[in-house]
Amino acid sequence: VRFFPLYLARECRLSPVRVQAVYLALPVAISLSSSFGERLAASAGRVPTMAALKAAGCLLLVGMYFAADSSSPLADSRQPLA
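Everything numeric here is computed off the predicted structure, so don't read it as measured data. (Residues numbered from 1 in each chain as written. Predicted model: local features only at pLDDT ≥ 70, side-chain atom pairs only at ≥ 80, totals over all residues. Heavy atoms only, no water.)

Before we move on, can you summarise the layout of surface pockets with the specific residues and values?
Put simply, the largest pocket is a space of about 540 Å³. Around the largest pocket sit 14 residues that line it, and Phe 4, Leu 26, Leu 60, Leu 61 and Met 64 are the ones nearest its centre. Broken down by secondary-structure element, the contributors of at least two residues to the lining of the largest pocket are α1 (4-11), α2 (16-44) and α3 (46-67). Partitioned by chemical class, the residues of the lining of the largest pocket number 13 nonpolar, 1 polar and no charged. (1 Å grid on protein atoms, 1.4 Å probe; cavity = no way out; pocket = protein on both sides within 12 Å on 5 of 7 lines; lining within 4 Å. Points joined across faces, edges and corners; volume = space filled by probe spheres on them. Helix = DSSP H or I, 4+ residues; strand = E, 2+ residues; numbered from the N terminus. Nonpolar A, V, L, I, M, F, W, Y, C, P; charged D, E, K, R; others polar.)

So what's going on with the nonpolar core? Residues and values would help.
If you look at the biggest cluster of nonpolar residues, it comprises 5 residues: Tyr 7, Leu 8, Cys 12, Leu 14 and Val 19. Ignoring anything within four residues of it in the chain, the contact list for Leu 8 reads Arg 13, Leu 14, Val 19 and Val 22. (Core = buried A, V, L, I, M, F, W, Y, C linked by side-chain atoms within 4.5 Å. Buried < 20%, exposed > 50% of the residue type's maximum accessible area, 1.4 Å probe, protein only. Contact = heavy atoms within 4.5 Å.)

Geometric values such as these leave the question of function open.
Printed below as a string of C-alpha cells:
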C-alpha cells in the first residue's frame, strides 16, 4: 500500500527507523499468519477461517486508527509533517 509509510510517519509519528522496522517485520508476520491460517482451515474449514481472519483484519485496522494519537508509546515527540 503506497500511503502506509506516510500514515505511519505523519499520523502515528513514527520515526523513519521505526517505519522501516514495520516493513521488516511485515514479511515475517505474513508468513506466520499464513501458516496459522492453513492449520486453522484444516480443522475449522476454509469459509469460517476466512470470515474469522477478515474480521480480525478489520479489528486491527480499527485498532490502528485509535492507536494513532499522540499518547502512543511508539510515537516520536516531533510534530507531524504538514
